[in-house]
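For reference, the chains in residue letters:
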Amino acid sequence: MILHITKRELYDNLNSLRFALTTLLLLALMLTNAIGHLHEHPKRIQQYNEAVAESLDLLSSHADDSLYKLAQQGPGKLYKKPSPLHFCAEGGEHLMPNIIEGGSPYVYSTGIIGVWQLKYPDVNINLKRVGPDITKVDWAFIIAYVLSLIALLFTFDAISSDRESGTLRLMLANAVPRHTILIGKFLGALISVSIPFTLAALINLLMISTTSAVHLNIEAWGRLGIICFIALLYTCFFLALGLLVSARVQRSAVSLVILLLIWVTFVVFMPGPLASIASEFSSSMSADEKWARYSQRQEEIWDKYNYVAWSDEVDRKTLTAKRAFFTEKAEMIERLNQEYLTSQIAQVQHARSITHFSPAILLQHLLESFAGTGFERHSQFVENVERYARQYREFVVDIDRSDPESLHIIGVREGMTKRKVSPAAVPKFEDTLSLSKDFNTAAVDLLLLTLFVIVLLSGAYLAFVRVEV
Amino acid sequence: MLTTLIRRELLDNLMTFRFAAAVLIMLLLVVATTTVLIKDYERRLASYDTAIKKHRQEMLEQTTYSAARLRIDRPPNPLSIFNVGLDKRLGNTLGVNHFFVPTLWDARKHGADNPFLNLFSSIDLVFIFQGILSLLALVFAYDTIAGEREHGTLRLVLTHPVRRGQVLFAKYISGMICLLIPLLMCILLVLIMLTTSASVFLSADDFLRIGGVVFTSFVYLSLFYLIGMLISAATHRTGTALMLAMFVWGFLVLVYPNMILTAIKTEPHPDTQISTYNRIKQIWEEFERDRLQYLANDPVPGEKWDFSLRGKGYTFRGLRHYPSALRYHDITGFHYKTLEAESEPQVPHLQNYHRFLGTQVTNTAERMWLVRKPALDALYTQPAKMEQMLLKFSPVGLYDAATEAWTGTDLNGLQDFFTAIQRYHQAVINYYLDKKIFESRLWFVGAENEIDWDLLPQFSFTRSDIGINAKRAFPDLCLLLMINLVLFVIIFLIFVRSEV
């Protein structure tokens, strides 16, 4: 029986104006998305490859020089690997820094150079662009805004119009349980929304995958599968909402007004003000504060060690003091940079978790995590870099330890081994994405979305069961 | 007769659920966002105040003219609550130096905020009106004609001796009144909140500007109402009309503005930047040649730029280059508190050198500006204007541009501020030349508080007056009005010729 009702609903929908318009709209959006991606992604990849090659060249030239050079100059610039699924969710990637610098040792004077530390660049806000703000047309936008609106347009009259025209009474006169009708209607609407979406998405993927510029591997396809599933779940959310309101309200025009107002409030307007309110609750270290702390600690270290900085002695005591001076300073800067970044990230995390009240933002975050872009991805990149930095430091210490003639004072030329280091042995940074990690971060969001869908569906069921025809 | 028709329509509309819901939701949203926006404005104002204090302190700490740190901070615009435009996004602090002409593209942000917060979209009142008013207008309009045709009441009305134009006009007027009520209520609420908040000061002109925003909103609203009526007149069933209206809304408001800018790239030619930057570099290399020649020709042996000055303090000299802002210059700074006795004979030579250098640097900066100005326009302003124009194919873009012009947060409004800084820059240079500061001893050595920094010209800026705002908003407003008129004529033609 469910099948029968679903089929009827489907035929009704397929012949309607809204189906045609939906197909057109989604196709246009997906095509724009694919063209934009094909235009930009190869450039991104090329930039990344060139930058990484340059950085690796520098690293091996340092390795050729000596172990001391490696300990002093650090691993160089470390780049974030662009995700091939960038077209699914842009996630503010243009704002996110795509590089962390492991280098820039402090130069005290010619010949006296400290050791490297990690330096996190600020968010790159383009202060020079004076054009209008652009929201990228990515899958997240298409699904969060357009598909949700379409889902509402397919369900706002599902029950109320049947009641208005009296067909509902006819249907219930047959021995059909109410939940069958509801499920039938739900499935019918779901399939009729999915058809244009799937069509558009397939054409989009076809365009993207057939060109050689973008390479999608098995994992990327798996991620795409998950993204499509999330899109379906999100569509279910709005279909259920539509059914719920449609069952409660007598006239379909009223039902549409209510739905539109809910949609506008939750999808379009909530995210901005909520984030703004949430960021008020917690505060982060400001750049001015960071500089104030920096100069204070810098003076402390300077007072402690200035006797040794200009000394030319090469006895063990002076060298050890020099080592302590260099490393303490580098550690101080690195720690301060980390504190600064962590406090900023914490504030943003806080604001992000509060904006989850909006289903559109929930979807945005889910898509970002699975597309490997956005804020979570950036935190992952930072983690990767920090892990690599530890590995790199251990490598330098290990190589130095293997030479019995060395004084094992890292960071000072006279205190380190003079043996050659083979460039191939130096650990290289490879930015990786891990699906299981992404899944972990997204699990809560995913569960939340599923919960919303279940609550709304049962709400719709209850409303429909109790309604008088 | 017209009044009877209007009254009937009005009552019909006012008694509906959609009217109540519209008023309620609009008020809720507007109150919530205004609170957030006022908070946000207060925060920006506070960070502006701290920046001003900090920069003044930094200036007072300097003891020589060559180390002068003149920084101008841009205050937030209180009308950015209505349309934030570029007010929040662009740089808000800018150094004024004699070696380059300051522009919008040299400005930076004073560091008080968490830059990661830029990930969240910022909203303003116009954004709310833009989305929700247009939606409401369509919801009110989609069944005005199609609905009556379906019910058969239209036929009844037309059996009376009324002209079709009158019926149409009555429908338009009554619908607009219904939509104006929530709009005006919102605006009044916002005004109450703004005037009672302690931090926002609005001048009489500002109220007129807000009036301009309200008028533009009204015209925008009317445009969408007319689109709704057009759909209603052209279709026979309300269901079809509703679907069409919703898709038109989705396309115009949601899809088109985002899609067009992704589809059409307005990047300038990549060579513009490189070639201009090279020319600028050349200009400074010429300057460097002249400078070295001067040093070679002067009576002092050796070509050291600091004439081997020794004293308490330090000096620095360096080249600064910012390819993306097309800026390249050389900066020299002396931070001496006192000089050693054996350096004293060098001072007159150094003064002569800086008399030469000061004018040379300002002239070179002037030459750089001549090359830079058109290039910056081509690189940044023209693509931006092109993008704005593309957006204007949707009424949303027109509405946004017009309200931006009223509030003064558009590119022109911000350029006014930076033009004022350029004038100030010129005034400072004139002051330096007048008082012979480049060649004075205080250029490179000075004790604590020897310079009275308050004697320098002071920067002041007043926002352009309302007439200029109106002039800038005029073209877009006119276009909106014209579309209104055209739509009305089309609806009239369709309605007159349609069978009931």
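Going along each chain's sequence as written, the residues are numbered from 1 onward. The naming scheme follows written order: chains are lettered A onward, ligands numbered 1 onward. Restriction of local features to residues with pLDDT of at least 70 applies here, the model being predicted, together with a cutoff of 80 or more for giving and counting side-chain atom pairs; totals for whole chains, interfaces and linings are based on all residues.

1. Section: the overall build of chain B
What counts, and what does not: Helix and strand assignments come from DSSP, with helices taken as H or I runs of at least 4 residues and strands as E runs of at least 2, each series counted from the N terminus. Counting other C-beta atoms within 10 Å of a residue's C-beta gives its exposure: the residue is buried at 20 or more, exposed at 12 or fewer, and partly exposed in between, where C-beta atoms are placed from the backbone. Contact between two residues is assigned when their C-beta atoms, built from the backbone, lie within 7 Å.
When you go through chain B residue by residue, the secondary structure sums to 13 helices and four strands. The C-alpha extent of chain B, read off along each of the three principal axes, is 110 × 50 × 35 Å. Across the 500 residues of chain B, 43% fall into the buried class. Across chain B, every contact between residues at least 6 apart in sequence was considered, and the portion connecting residues at least 24 apart equals 85%.

2. Points about the overall build of chain A
Quick reminder of the rule: We take the radius of gyration over the C-alpha atoms and set the globule estimate at 2.2 Å times the residue count to the 0.38 power.
Each helix and strand counted, chain A has 15 helices and five strands in total. Relative to its length of 469 residues, chain A is extended, with a C-alpha radius of gyration of 29 Å against a globular reference of 23 Å. With respect to the three principal axes, the spread of C-alpha positions in chain A is 100 × 45 × 45 Å. In chain A, which comprises 469 residues, the share counted as buried stands at 45%. Counted over contacts in chain A with a minimum sequence separation of 6, partners at least 24 positions apart contribute 84%.

3. Thoughts on the packing of helix α7 (residues 178–210) of chain A against helix α8 (residues 218–248) of chain A
Residues and elements named next belong to chain A. We count it as follows: Angles shown run from 0 to 180 degrees and are taken between the N-to-C directions of axes, each axis being a line fitted to C-alpha atoms and, for helices, limited to the stretch in contact. For classification purposes, an angle smaller than 35 degrees is called roughly parallel, one larger than 145 roughly antiparallel, one from 65 to 115 roughly perpendicular, and anything else oblique. Note on convention: the crossing is left-handed when the near helix lies turned anticlockwise from the far helix by less than a right angle, right-handed when the turn is clockwise. Following the grouping adopted for this structure description, the nonpolar residues are Ala, Val, Leu, Ile, Met, Phe, Trp, Tyr, Cys and Pro, the charged ones are Asp, Glu, Lys and Arg, and the polar ones are all others, Gly among them.
Look at α7 against α8: their axes get within 10 Å of each other, and the N-to-C directions meet at 140°. It follows that α7 is oblique to α8 by the angle criterion. Where α7 crosses over α8, the handedness of that crossing is right-handed. Each of L182, K185, F186, A189, L190, V193, S194 and A201 in α7 lies in contact with α8, whose residues at this interface are C228, L232, T235, C236, L239 and L243. Within the contact of α7 with α8, the residues separate by chemical class into eleven nonpolar, two polar and one charged.

4. Some remarks on the nonpolar core
Note on soluble globular proteins: their nonpolar side chains tend to be buried together. Put simply, the rule reads: Each nonpolar core consists of buried Ala, Val, Leu, Ile, Met, Phe, Trp, Tyr and Cys residues. Their C-beta atoms, within 7 Å, join them into a set.
One finds A:A240 and A:L367 to be the most contacted residues of the largest nonpolar core, which totals 176 residues. Among the elements that line this core, the one with the most residues is α8(A), at 17 residues. Excluding residues within four positions of it along the chain, A:A240 makes contact with A:V453, A:L456, A:L457 and A:A460. Among the nonpolar cores identified, the runner-up in size contains 48 residues, and B:L94, B:A107, B:V445 and B:I451 belong to it.

5. Description of the packing of α8(A) against helix α9 (residues 252–269) of chain A
All names here are of chain A. Where α8 contacts α9, the axes come no closer than 9 Å and their chain directions differ by 140°. Here α9 runs oblique to α8, going by the angle between their axes. Where α8 crosses over α9, the handedness of that crossing is right-handed. Only S255, I258 and L259 of α9 make contact with α8, whose side of the interface consists of L241, G242, V245 and S246. Split into classes, the residues belonging to the contact of α8 with α9 amount to four nonpolar, three polar and no charged.

6. Re unusual backbone geometry
All names here are of chain B. Of note, L326 is a non-glycine position whose phi angle comes to about 55°, a positive value. Tracing the chain through its elements places L326 in the loop between β3 (311–322) and β4 (327–339). The phi angle at K436 is positive, at roughly 50°, despite the residue not being glycine.

7. A look at helix α2 (residues 17–65) of chain A
Short version of the rule: The span one expects for a helix is its residue count, reduced by one, times 1.5 Å. To get the bend at a given residue, fit one axis to the seven residues ending there, fit another to the seven starting there, and take the angle between those axes.
Here α2(A) contains 49 residues, and its C-alpha end-to-end distance of 72 Å stays within 8% of the 72 Å for a straight helix at 1.5 Å per residue. The largest bend along α2(A) measures about 25° and falls at A:E40, with the proline A:P42 one to four residues further on.

8. Side note on the confidence of the model for chain A
Note the threshold: Every residue carries a pLDDT, the predictor's confidence in it, which falls somewhere between 0 and 100.
Mean pLDDT over chain A stands at 86; residues scoring 70 or higher make up 99%. Mean pLDDT values over the elements of chain A span from 73, in strand β3 (residues 107–109) of chain A, up to 93, in α8(A).

9. Points about the sheet that holds strand β1 (residues 76–79) of chain A
Residue and element names in this part refer to chain A. Note the following rule: Each pair of strands is called paired provided DSSP finds at least two bridges between the two strands.
Here we have three strands laid out as an open sheet, ordered β1-β2-β5, and antiparallel in their pairing. Across the chains shown, the open sheet's two edge strands, defined by having one partner strand only, are β1 and β5 (117–119). Here the strands of the sheet are splayed against their neighbours by 25° on average, with no regard to which way each runs. Running over the sheet, helix α14 (residues 374–401) touches β1, β2 (99–103) and β5 and is turned about 15° from β2.

10. Things to note about the interface of chain A and chain B
Opposite the 55 residues of chain A that make contact, chain B presents 58 residues. When contributions to the side of chain A that touches chain B are tallied by element, the ones reaching two or more residues are α2, α4 (139–155), α9, α10 (271–281), α11 (287–309) and α12 (316–354) of chain A. The element best represented in the side of chain A that touches chain B is α9(A), accounting for ten residues. Split by residue class, the side of chain A that touches chain B holds 35 nonpolar, 13 polar and seven charged.

11. Considering the environment of A:I2
Residue and element names in this part refer to chain A. Mapped onto the fold, I2 is located in helix α1 (residues 2–14). Considering only alpha carbons, one finds I2 and I125, 123 residues apart in sequence, at a separation of 53 Å. When residues no more than four places from it in sequence are discounted, the contact partners of I2 are T180, I183, G184 and L187.

12. Some thoughts on the environment of A:L190
Residue and element names in this part refer to chain A. Looking at the element boundaries, L190 is found in helix α7. Judged by the 21 C-beta atoms lying within 10 Å of it, L190 falls in the buried class. As for L190 and H39, which are separated by 151 residues in sequence, their C-alpha atoms are 33 Å apart. Apart from residues lying up to four places away in sequence, L190 is in contact with T235, C236 and L239.

13. Here's the deal with the confidence of the model for chain B
Looking at chain B as a whole, the pLDDT averages 87, with 99% of positions reaching at least 70. Listed scores for the predicted complex are pTM 0.90 and ipTM 0.87.

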